[in-house]
Structure formats: C-alpha cells, structure tokens
Amino acid sequence: MGGGGSATASHLGRGSGIPEYRDYFAELGLRTFINAAGTLTALSGSLMPDEVVEAYDYARRTYVRLDDIQDKVGERIASMLGVEYATVTTGAFGAITLGTAGVLTGMDEKKVAQLPDTTGMKNVVIKMGTSDIGYIHAVLNTGAKVIEVSTLQELENAIDERTAMLFYFNAYNNTDVTPEQFVAVGKKYGIPTFNDIAADVPPVENLWKYSKMGFDLVAVSGGKGLRGPQSAGLLLGRRDLIQAARLHTPPRGATIGRGMKVNKEEVLAMMVAVERYLATDHEKEWKEWESQIQFISDTVKTVPGTETEYYVPEIANHVPTLRITWDQNRIPVTPNDAKQRLRDGHPSIETGGGRDDISVSVWMMRPGEVEIVAYRIRDVLRAAAA
Ligand SMILES: *Cc1c(COP(=O)(O)O)cnc(C)c1O
C-alpha cells in the first residue's frame with residue numbers, strides 16, 4: 001500500500017488539473033436543447049447549479065452511514081425551513097409513497113414488512129378532488145385504497161374507522177375546499193393530512209407554509225424549482241410520521257421502499273440545493289425573469305399579426321410566462337408546427353403551450369439563451385408569414 005492520500009486521489013479521478021470531458025451527448029447522438037418550457041420531467045427537469053454538484057462531488061469521495069447522513073441532513077433541512085422534520089427522498093413521488101407507507105404502518109416493523117398487503121391496517125386514503133392525476137399511483141403503490149370526494153361534506157361523510165390519511169393535490173384541487181378547511185377536517189377527526197406541493201416553489205414560503213398550516217406531511221420535488229438532483233425530493237412534516245416513513249427506506253431491505261434509494265451524494269446535494277434556494281434573492285430573480293419575458297414579447301411582436309400575453313400560473317410553475325398567439329390567416333403556421341420548427345432548428349428549443357399557443361418561461365434557461373429564443377421565435381413566425 002502506498003501513501004494513503006495519493007492512492008485515494010488516483011483511483012477517484014484523473015489527478016489534478018481540469019478534466020477533459022468527453023462530449024458524451026454528441027457521442028450518443030443526443031439532441032440537446034434550450035429549455036423554454038419549464039421544469040418538465042420529460043425534458044430532464046432543471047439544471048443543477050455548481051454548489052449542488054460540488055456537494056455531490058464532495059460526498060462521493062468517502063463513506064458515511066446512509067442512516068447517519070439522512071438523520072443529520074433531515075435535521076438541517078428541517079431547521080432551515082422551520083418545519084418539524086424532513087428527509088430526502090426519490091422525488092416528490094417517492095416522498096408520497098414513503099410518507100403514506102409511514103402513516104399506514106407507524107413504527108410497527110411487522111406491518112412495514114407486510115406492505116403492500118394492508119390487512120389489519122387502516123388502509124383508505126381520501127383524496128380531495130376528482131381530477132385525474134396519475135401521481136396518485138404514489139399512494140396506491142403502498143397498497144392503500146383511494147377514494148375521491150368533491151365537497152367538505154363528502155369528505156366528512158367518507159371518514160370512517162378505515163380512513164388512514166387525507167390527501168390533497170395543491171395544484172390540482174378542482175374543488176372549492178381550501179387547504180385550510182382540509183387541514184381542519186384532519187384535525188377534527190385526528191387523521192393525518194398530506195399535501196403534494198411538488199412543483200409549487202416559487203414562492204419560497206411554500207416550503208414551510210403548508211406545514212405551518214397544519215398538514216402533517218408535505219412532498220416537494222427536489223429537481224424542479226429547487227434545482228437539486230432531478231431524482232431527489234423532500235418529505236417534510238411530523239417527526240413521528242417521517243421516522244415511520246424512514247423504516248421503509250434503504251438500507252432496510254424487506255420493504256416496499258427498497259427501490260427508492262437516495263445515495264449519500266444526492267442527500268447532501270439536496271441539502272445544498274435548499275440552502276442555495278433560501279439564499280437566493282427571489283425578488284431580484286423575479287424582476288430579471290419579467291424583463292426577459294418583456295424582451296421576448298417585444299421581439300416577437302415585431303412580426304405583424306402576433307400577440308402576446310404575460311401571465312403567472314397561480315400554483316405550480318408560478319413564474320413569469322409568455323403566451324404567444326398569432327393570426328393564422330396572416331401567419332399560416334399552426335402552433336404545433338411552429339413548436340416543431342423550433343425543436344428542429346439549431347439550437348433546438350423546447351417550448352410549452354397547448355394547441356392554440358406557444359408558451360415560454362425563462363427560468364430554466366442559461367445565460368444568453370433568452371435572446372436566441374426571442375429571435376428564433378420571431379424568425380419562425382416571420383418566415384411563415386412571408
Ligand atoms: C412533478 C410532480 C410530481 C412528481 O415529482 P418528482 O419529484 O418528479 O417525483 C408529483 N406531483 C406533482 C403535482 C408534480 O407536479
């Protein structure tokens with residue numbers, strides 16, 4: 001064995017100096033693009049800032065016990081956010097599955113090993129609203145049954161001795177029941193409440209707002225607005241429930257959560273992503289986004305027949321957004337075809353919107369890309385008009 005230090009360094013990397021990265025994506029023939037669409041999983045979410053990657057790179061160099069780092073990071077994130085407890089999960093989806101599992105089993109290890117068979121447990125989760133949101137599979141994965149209700153009265157009527165949990169989709173609640181009213185019902189009957197706020201930062205205060213409101217558990221995506229690792233997330237809330245959720249996670253093996261492993265690198269990177277997000281000047285960032293949106297709007301509107309509308313989605317992707325529409329008699333291209341032309345051009349650009357518009361947000365772009373997007377949309381529309 002040689003001198004410990006250099007032996008350790010040499011098997012971890014190329015030694016000192018700037019690594020010569022291969023252009024892997026080019027090698028693989030992958031199309032990269034400018035993201036004007038937002039934090040979409042299919043588009044690989046968000047880009048991690050340097051601090052986050054540095055934390056990852058720090059952690060990969062030595063060993064710690066997985067439970068120990070989750071314990072410490074959980075405490076740190078909880079105290080940063082002013083919530084009771086936290087743990088790093090595999091995305092918001094993993095947070096929902098683990099949190100639900102913890103509610104079903106508590107600290108009973110026999111029950112933990114028994115899931116997804118819920119025999120002998122309260123196993124009904126009541127979901128507020130009838131909107132068809134696929135993410136409810138995160139609850140179903142535990143073996144729990146889900147029933148849907150549309151009003152406060154239906155919610156109260158549905159509660160019985162089998163009710164394990166009340167579940168709320170913050171962004172997809174198609175009822176008049178507010179989160180405050182929902183929490184109050186949970187308190188009245190002593191049943192845990194869960195809020196999925198996966199894509200709902202910004203605003204930053206949403207990270208603690210719903211725990212303070214009284215939700216027992218809250219799930220947040222790590223790789224959307226927070227810009228942590230795309231496969232990470234946060235489960236926030238009551239310590240006893242999160243400790244029970246942790247019983248379902250690795251290193252413990254005979255659990256439904258064994259496949260939801262978060263490595264130490266991502267646990268640490270997630271902590272740093274939260275730190276960084278809290279330290280961000282959100283007002284300044286918002287003003288920048290607004291002026292970038294304004295620039296795109298001004299540029300695109302130089303094409304006669306084009307209209308733009310500035311808006312901010314109320315919940316989820318709550319950021320400055322531009323809707324672009326045009327008179328298709330004067331500019332004969334459908335929004336879908338225009339989007340395809342943006343995608344097929346160089347550099348490729350991914351935009352959002354539906355059948356009738358193109359929508360653009362700037363928060364997931366890198367420096368210098370706002371101008372490219374503005375000119376390219378203008379050029380596609382101008383060329384179609386000619
Ligand atoms: C994105 C999203 C999820 C899944 O989050 P991941 O972090 O990708 O696991 C769950 N629920 C809602 C409402 C979402 O928007």
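Residues numbered from 1 in each chain as written. Predicted model: local features only at pLDDT ≥ 70, side-chain atom pairs only at ≥ 80, totals over all residues. Heavy atoms only, no water.

(A) Up close: the overall build of the protein. For the protein, the count of helices and strands is 15 helices and twelve strands. Judged by the C-alpha coordinates and their principal axes, the protein covers about 70 × 70 × 35 Å. A buried classification covers 49% of the 386 residues belonging to the protein. Of all intrachain contacts in the protein linking residues separated by at least 6 positions in sequence, the fraction that spans at least 24 positions is 69%. For the protein, the exposed area adds up to about 18,800 Å²; of that, 51% sits on carbon and sulfur atoms. Here the protein contributes 41 positive and 49 negative side-chain charges, whose respective centroids are spaced 4 Å apart. (Helix = DSSP H or I, 4+ residues; strand = E, 2+ residues; numbered from the N terminus. Buried < 20%, exposed > 50% of the residue type's maximum accessible area, 1.4 Å probe, protein only. Contact = heavy atoms within 4.5 Å. Areas by Shrake-Rupley, 256 points an atom, 1.4 Å probe, with all protein chains shown as cover. Lys, Arg positive; Asp, Glu negative; His and termini not counted. Charge placed at Lys NZ, Arg CZ, Asp CG, Glu CD.)

(B) Spotlight on helix α14 (residues 335-344). Among all positions in α14, only Pro335, Ala338, Lys339 and Leu342 are buried. End-on, the buried residues of α14 take up no more than an arc of 100°, which puts them together on one face. Where α14 is buried, its residues contact β10 (321-326), β11 (348-350), β12 (358-361) and α15 (369-385). (Arc of directions from axis to C-beta.)

(C) Here's a closer look at the sheet that holds strand β2 (residues 85-89). Spatially, seven strands are ordered β2-β8-β7-β6-β5-β3-β4 in an open sheet, and the strand pairing comes out mixed. Of all strands in the sheet, those bounded by a partner on one side alone are β2 and β4 (145-149). In this sheet, adjacent strand axes meet at a mean angle of 25° when their direction is disregarded. Of the pairings in the sheet, the one linking β2 to strand β8 (residues 233-237) comprises five bridges and is antiparallel in character. Among the inter-strand pairings, Val88 is bridged to a residue of β8, identified as Leu234. Here helix α4 (residues 66-81) sits on the sheet in contact with β2 and β8, set at roughly 120° to β2. Across the sheet, helix α5 (residues 91-105) lies against β2, β3 (124-128), β5 (163-169), β6 (193-196), β7 (217-221) and β8, angled at about 160° from β7, the strand it touches most. (Pairing = 2+ DSSP bridges. Axes fitted to C-alpha atoms, helices over the stretch in contact; angles between N-to-C directions.)

(D) Main features of a nonpolar patch on the surface. Where nonpolar side chains cluster on the molecular surface, the patch consists of Tyr21, Tyr24, Phe25, Leu28 and Leu30 and spans about 600 Å² of accessible area. In this fold, Tyr24 is placed in helix α2 (residues 24-27). Accessibility expressed as a relative area gives 37% for Tyr24, which makes it partly exposed. (Patch = residues over 30% accessible without salt bridge, like charges linked within 9 Å, V, L, I, M, F, W, Y side chains within 5 Å. Salt bridge = Lys/Arg side-chain N within 4 Å of Asp/Glu carboxyl O.)

(E) Quick look at the site of the ligand. In the vicinity of the ligand, the residues found are Thr41, Gly91, Ala92, Phe93, Tyr135, Tyr172, Asp196, Ala198, Ala199, Ser221 and Lys224. Interatomic distance of 2.6 Å between a side-chain N/O atom of Asp196 and a nitrogen atom of the ligand. Ser221 is positioned such that a nitrogen or oxygen atom in its side chain is 2.6 Å from an oxygen atom of the ligand. Within the complex, the protein chains bury 88% of what would otherwise be the 390 Å² of accessible surface of the ligand. The element contributing the most residues to the shell around the ligand is α5, with three residues. Of the residues in the shell around the ligand, the class split is six nonpolar, three polar and two charged. (Near = heavy atom within 4 Å. Polar contact = N/O pair within 3.5 Å; in protein donor to acceptor, adjacent residues only side chain to side chain. Nonpolar A, V, L, I, M, F, W, Y, C, P; charged D, E, K, R; others polar.)

(F) The arrangement of the nonpolar core in detail. Within the largest apolar cluster, 48 residues are counted, with the highest numbers of intra-cluster contacts made by Ile77, Val88, Leu234 and Leu236. For this core, the element with the most residues is helix α12 (residues 264-279), which contributes nine residues. Apart from the residues within four sequence positions on either side, Leu236 is in contact with Ile77, Leu81, Val83, Tyr85, Ala86, Leu207, Ser211, Asp216, Leu217, Val218, Val220 and Ile242. (Core = buried A, V, L, I, M, F, W, Y, C linked by side-chain atoms within 4.5 Å.)

(G) Region of interest: the environment of Asp200. Looking at where Asp200 falls in the secondary structure, it is placed in the loop between β6 and α10 (206-213). Asp200 gets classed as buried once you look at its relative accessible area, which sits at 2%. In sequence terms Asp200 and Gly225 are 25 residues apart; their C-alpha atoms lie 7.9 Å from each other. Residue contacts for Asp200: discarding those within four places in its chain leaves Asn170, Ala171, Asn206, Ile315 and Ala316. A distance of 3.0 Å separates a polar atom in the side chain of Asp200 from a polar atom in the side chain of Asn170. Here Ala316 takes part through its backbone nitrogen, which lies 3.5 Å from a polar atom of the side chain of Asp200.

(H) Highlighting the packing of helix α3 (residues 50-59) against α12. Where α3 contacts α12, the two axes come as close as 8 Å, and the packing angle between them is 150°. Looking at the two axes, α3 sits roughly antiparallel to α12. In this structure, α3 crosses over α12, and the sense of that crossing is right-handed. Across the interface between the two elements, Glu51, Val52, Ala55, Tyr56, Tyr58 and Ala59 of α3 pack against Lys264, Glu265, Glu266, Leu268, Ala269, Val272, Ala273 and Arg276 of α12. Partitioning the contact of α3 with α12 into residue classes produces nine nonpolar, no polar and five charged. (Parallel < 35°, antiparallel > 145°, perpendicular 65-115°, else oblique. Left-handed = near helix turned anticlockwise from the far one by under 90°.)

(I) Quick look at the packing of aromatic side chains. For the coordinates displayed, the defined rule picks out eleven aromatic pairs. Between Phe167 and Phe169, the ring centres sit 5.0 Å apart and the planes meet at 85°, which makes this aromatic pair edge-to-face. Residue Phe167 is classed as buried on the basis of its relative accessible area of 0%. Owing to a relative accessible area of 1%, Phe169 belongs among the buried residues under this scheme. (Phe/Tyr/Trp six-rings, centres within 6.5 Å; stacked < 30°, edge-to-face > 60°.)

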